[in-house]
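The residues making up each chain are set out below.
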Amino acid sequence: MYPRQFDYVAPGSLDEAFGALGDTSKVMAGGMSLIPLMKMRLFSPGTVVDIGRIGGLDTIDDHGDHISIGALVRHAETASSGAVPTALATAASLTGDVQVRNRGTTCGALAHADVAADQPAGALACGAVMVAQSASGTREIPASEFFVDALTSALHHDEILTSVKIPKAGDGEGSAYDKLGRRGGRSDYAVAGAAAWVKKSNGSIEAARVALTGVGTKPQLADGVAEALVGTDGSDGAVEAAADRALEGVTVLEDLYGSEEYKSHLAKVYVTRAVKQALANI
Amino acid sequence: MQVSMTVNGRDVSADVEPRTLLVHFIREELRLTGTHVGCETGYCGACTVHVDGKPIKSCTMLAVQADGATVTTIEGMASNGELHPVQEGFWERHGLQCGFCTPGMIMSAAALLEENENPSEDEIRHGIEGNLCRCTGYHNIVRAVEYAGAKMRGEEPPAPDWEGGD
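Residues numbered from 1 in each chain as written. Chains lettered and ligands numbered in written order. Predicted model: local features only at pLDDT ≥ 70, side-chain atom pairs only at ≥ 80, totals over all residues. Heavy atoms only, no water.

### Here's the deal with the pairing of strand β13 (residues 204–213) of chain A
All names here are of chain A.
Move 1: In the sheet, strand β12 (residues 190–201) pairs with β13 via nine bridges, with the strands oriented antiparallel. Looking at β13, one finds that alanine 195 is bridged to alanine 211.
Move 2: Linking β12 to β13, which pair antiparallel, is a turn of two residues; within it asparagine 202 sits at a positive phi near 50 degrees.
Move 3: Looking at chain direction, β13 and strand β14 (residues 220–221) are connected through two bridges and run antiparallel. Bridge pairing in β14 links alanine 211 to leucine 221.
Move 4: Hairpin connection of β13 to β14: six residues between the antiparallel strands, including glycine 214 at a positive phi of 85 degrees. (Pairing = 2+ DSSP bridges. Helix = DSSP H or I, 4+ residues; strand = E, 2+ residues; numbered from the N terminus.)

### Examining the packing of aromatic side chains
Residues and elements named next belong to chain A.
Move 1: Enumeration according to the criterion identifies one aromatic pair over all chains in this entry.
Move 2: Ring plane angle 90 degrees and centroid distance 5.2 Å describe the contact between phenylalanine 146 and phenylalanine 147, whose orientation is recorded as edge-to-face.
Move 3: By relative accessible area, which is 4% here, phenylalanine 147 ends up buried.
Move 4: One Lys or Arg, arginine 273, reaches over the ring of tyrosine 270 and ends 4.9 Å from the middle of that ring. (Phe/Tyr/Trp six-rings, centres within 6.5 Å; stacked < 30°, edge-to-face > 60°. Buried < 20%, exposed > 50% of the residue type's maximum accessible area, 1.4 Å probe, protein only. Lys NZ or Arg CZ within 6 Å of the ring centre and 35° of its normal.)

### Topic: the packing of helix α2 (residues 85–92) of chain B against helix α5 (residues 138–152) of chain B
All names here are of chain B.
Move 1: Contact geometry for α2 and α5: axes closest at 8 Å, N-to-C directions at 135 degrees. Compared by their axis directions, α2 and α5 come out oblique. The crossing of α2 and α5 is right-handed. Of the residues in α5, those touching α2 at Pro85, Val86, Glu88, Gly89, Phe90 and Glu92 are Ile141, Ala144, Val145, Tyr147, Ala148, Lys151 and Met152.
Move 2: A breakdown of the residues in the contact of α2 with α5 according to their chemical character gives nine nonpolar, one polar and three charged. (Axes fitted to C-alpha atoms, helices over the stretch in contact; angles between N-to-C directions. Parallel < 35°, antiparallel > 145°, perpendicular 65-115°, else oblique. Left-handed = near helix turned anticlockwise from the far one by under 90°. Contact = heavy atoms within 4.5 Å. Nonpolar A, V, L, I, M, F, W, Y, C, P; charged D, E, K, R; others polar.)

### Looking at the domain arrangement of chain B
Residue and element names in this part refer to chain B.
Move 1: Domain assignment breaks chain B into domain 1 (2–76) and domain 2 (85–152).
Move 2: Summarising the inter-unit geometry, the C-alpha centres of domain 1 and domain 2 are found 21 Å apart.
Move 3: In total, domain 1 and domain 2 occlude about 1100 Å² of area from one another, counting both sides; carbon and sulfur atoms represent 64% of this.
Move 4: The interface formed by domain 1 and domain 2 contains zero salt bridges.
Move 5: Where domain 1 touches domain 2, the interface holds five residue pairs in polar contact (both at pLDDT 80 or more).
Move 6: When residues of the side of domain 1 that touches domain 2 are traced back to their parent elements, those giving at least two are β3 (48–51) and β4 (54–57).
Move 7: Here the side of domain 1 that touches domain 2 is built from residues that sort into seven nonpolar, eight polar and two charged. (Domains from an automatic or database assignment. Buried area = accessible area lost by both parts, 1.4 Å probe. Salt bridge = Lys/Arg side-chain N within 4 Å of Asp/Glu carboxyl O. Polar contact = N/O pair within 3.5 Å; in protein donor to acceptor, adjacent residues only side chain to side chain.)

Here it is, written out as structure tokens:
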């Protein structure tokens, strides 16, 4: 299977890359999502702008209160760096398979915005901020506003997601991610998955963020769960009660991998597991 | 577009279309047909090769992305007529049935053993999660990797299952 013909450019700098972006162009980092779509001819860009040769985008940097993951940091590096909060690192470790994790990038997975991808949920729970650059400047987009719809992010055509900023875990904070994979266990895209971040002080939950993937029309926050968790002691009973609100504001989409009823059930199961694990990870 | 890379220690270059996949470059341009095209969708891993030392799926990478890279295919694993320990393991422990997945399995297993010289059975199974065996011959594939790991550590490989191994 070959993609349709396209023009290929491999700019050496971001400025050159911005210059190459146009109405029919697509940015490629690792290509793990883009190339299969192009081979199946579901998507045929006129120009592929391969940012893979731009220097300085392949590092995870420490900025004191947050880290930043560059556009060319591969899933395998996000998973193993030790600097990335657990929810996102775990999501990266469960993305694709060994070979995919060696090529695909965290920023690419976020920009692709698949409804069943792992790292968008991790980014939402960790309170990530997307750094979108274009020839006219830089925009910072909170993860909660970044995932607009299936395969649709808030990025404009002239922008490149050059990095994602993640707040570092502070005292009393923990996060986690878990899913049921399409191939069983935790393999492949999520049939349903959840990421959670919690902050505890003086024995009670002071703040929380919980995110779902695989269940609805986009990766999204389950604000009802977070609201229900705050002020509780984080006991199993409190977590299970909060998980009952997992589907507030979520349009559950039935697909090949599960009915609406099954996915609704799984959403609560995985929210419960993720929150409990996040509390255990404090 | 002109691409140049080192494949199995040999410098090669060719003029390719941007849409040429690395696996087609390897098979059709270089005539190295040991790397297989299986599912073509990125799932099966039959096309696995090493690019700059890491296993990747060559059906999901453009040849132009590999410009300047160092590539190893299954043909580059044996040296001076001696099988790589993973190849030997597949031979000794019947790690293949139809053989279609074997080149990719060997490339993934060899990369796993580079990172982890003594993987548990669970780690081996996770290490080859990106490779599908349609004959479902995973049991002996795992034994083959265990054999190779032992050889690479300079240890006696476990006895084969059919001689009372576990």
